[in-house]
Amino acid sequence: MLKDRLRSVQLAPSLHSPPKKSGAPALPQNRSSHGLEQFFSSLQDQESLSILDFSGASQANISFITSMGHRIYSNDVMRSMEEAFGSGGDFVANQSDPERAAAFLRESLDFPERSFDGALIWDTLQFLAPALLQDTVDRLFRTLRPQSSLLAFFHAEEKAESAPLYTYRIVDTKNMSLTPRNQVRPVQYFNNRSLEKLFQKYHSVKFFLTRDHLREVIVRR
């Protein structure tokens, strides 16, 4: 039975983030997204679909998806990562611990096969070490139904020492709101070739490179 995992999103200090500076809170910025537009285009003329959202509980996302007549299952994956790997040592190195990795996969993707008709993954995958990342992508493959779409974002600056971490909220089928949360050190750099290899089990991979160095990836199961 699917569980609706509604949790608050919080940035874990152990994700190699520098101390926050005092001052006014970061303001959200709206921007268009070709990847988001493609994702919602794949849902057209369909009813009562099940959508997986990796951003955690968001009233904006819940309201938008349910207004389309679909169901949304919110899963705070950043929090699950912190709970699994954030204590006792290095965050990335801890992902090589079989017990911790298994606990993370149970917490994040413990769903029956072919449970979902789409997945909004946002930028969470880029914080996983290579082996666990592949396990997660393979688990998503089993969790998604054939012909369903997955949307993921990857920061595209190869030499960047840190990348902005955002909270993503849906505005409409073509626009989203990004609220900066912190600067985080990426685990690895992703280019088109590495992403094609990562999603090689899937039917197709399409890329959109934006002006703000965010690579949007729409993957068809």
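Please refer to the structure placed before this passage.
The structure presented is a predicted model; accordingly, all values stated were derived computationally and were not measured.

Q: Just checking my understanding: could you explain the overall build of the protein for this structure?
A: When you go through the protein residue by residue, the secondary structure sums to 6 helices and 9 strands. Looking at the protein as a whole, 48% of its 221 residues qualify as buried. Of all intrachain contacts in the protein linking residues separated by at least 6 positions in sequence, the fraction that spans at least 24 positions is 72%. Total accessible area on the protein stands at roughly 11100 Å², and carbon and sulfur atoms take up 47% of it.

Q: Help me out: how do you make sense of the packing of aromatic side chains in this one?
A: Between two aromatic rings, the relevant description is the distance of the centres plus the angle of the planes. A full pass over the atoms with the stated rule returns 13 aromatic pairs. On the numbers, 4.9 Å between centres and 90° between planes, the contact of Phe111 with Phe116 is edge-to-face. For Phe111, a relative accessible area of 11% puts it in the buried group. Measuring from ring centre to ring centre gives 5.1 Å for Phe141 and Tyr202, while their planes differ by 80°; the resulting arrangement is edge-to-face. Here Tyr202 lies in the loop between helix H6 (192–198) and strand E8 (204–209) and Phe141 lies in helix H5 (residues 130–143), a separation of 61 residues in the sequence. On the basis of relative accessible area, Phe141 is assigned to the buried category, the value being 17%. Judged by its relative accessible area of 6%, Tyr202 is buried. Among the aromatic residues, those joined into a cluster by ring pairs are Trp122, Phe153, Tyr166 and Tyr168. Positioned above the aromatic ring of Phe141, the side-chain terminus of Arg221 is 3.7 Å from the ring centre.

Q: When you look at helix H1 (residues 34–41) in this model, what are you seeing that I'm missing?
A: The periodicity of an α-helix, 3.6 residues per turn, causes residues three or four places apart in sequence to face the same way. Residues Gly35, Leu36, Phe39 and Phe40 constitute the buried set of H1. Take H1 and look down its axis: the buried residues cluster within an arc of 130°, on one side only.

Q: Where do I start with the sheet that holds strand E6 (residues 163–172) in this structure?
A: Taken together, the 3 strands give an open sheet; going across it, the order is E1-E7-E6, and neighbouring strands pair in antiparallel fashion. The two strands at the open ends of the sheet, each matched to only one other strand, are strand E1 (29–32) and E6. Here the average twist between neighbouring strands, direction ignored, is 40°. Judged from the 9 bridges that link them, E6 and strand E7 (residues 175–184) form a sheet pairing that is antiparallel. Across the sheet, Pro164 pairs through a bridge with Gln183, a residue of E7.

The rules behind these values
Residue numbering note: each chain is counted from 1, following its sequence as written. Totals for whole chains, interfaces and linings use all residues, but because this is a predicted model, local features are given only for residues with pLDDT of at least 70 and pairs of side-chain atoms are given and counted only at 80 or more. Heavy atoms from the whole structure form the basis of all side-chain values; hydrogens and water molecules are not counted. In this description a helix means any DSSP run of H or I spanning at least four residues, a strand means any run of E spanning at least two, and both kinds are numbered starting from the N terminus. Exposure is judged per residue with a 1.4 Å probe applied to protein chains only, and the accessible area is read against the type maximum: over 50% gives exposed, under 20% gives buried, and values in between give partly exposed. Contacts between residues were defined by any pair of non-hydrogen atoms, one from each residue, lying within 4.5 Å. Surface accessibility in these figures is a Shrake-Rupley result with a 1.4 Å probe; residues are shielded only by whichever protein chains are displayed. Working definition: a ring pair exists when centres of Phe, Tyr or Trp rings (six-membered ring for Trp) sit within 6.5 Å. Plane angles under 30 degrees give stacked, over 60 give edge-to-face, the rest tilted. Sitting over a ring, as applied to charges here, requires NZ of Lys or CZ of Arg to be within 6 Å of the ring centre and within 35 degrees of the ring normal. Regarding the arc, it is the one traced by the directions from the helix axis to the C-beta atoms. Note on pairing: DSSP must find at least two bridges between two strands before they are called paired. Every axis in this analysis is a line fitted to C-alpha atoms, fitted for helices over the stretch in contact. Angles between the N-to-C directions lie between 0 and 180 degrees.

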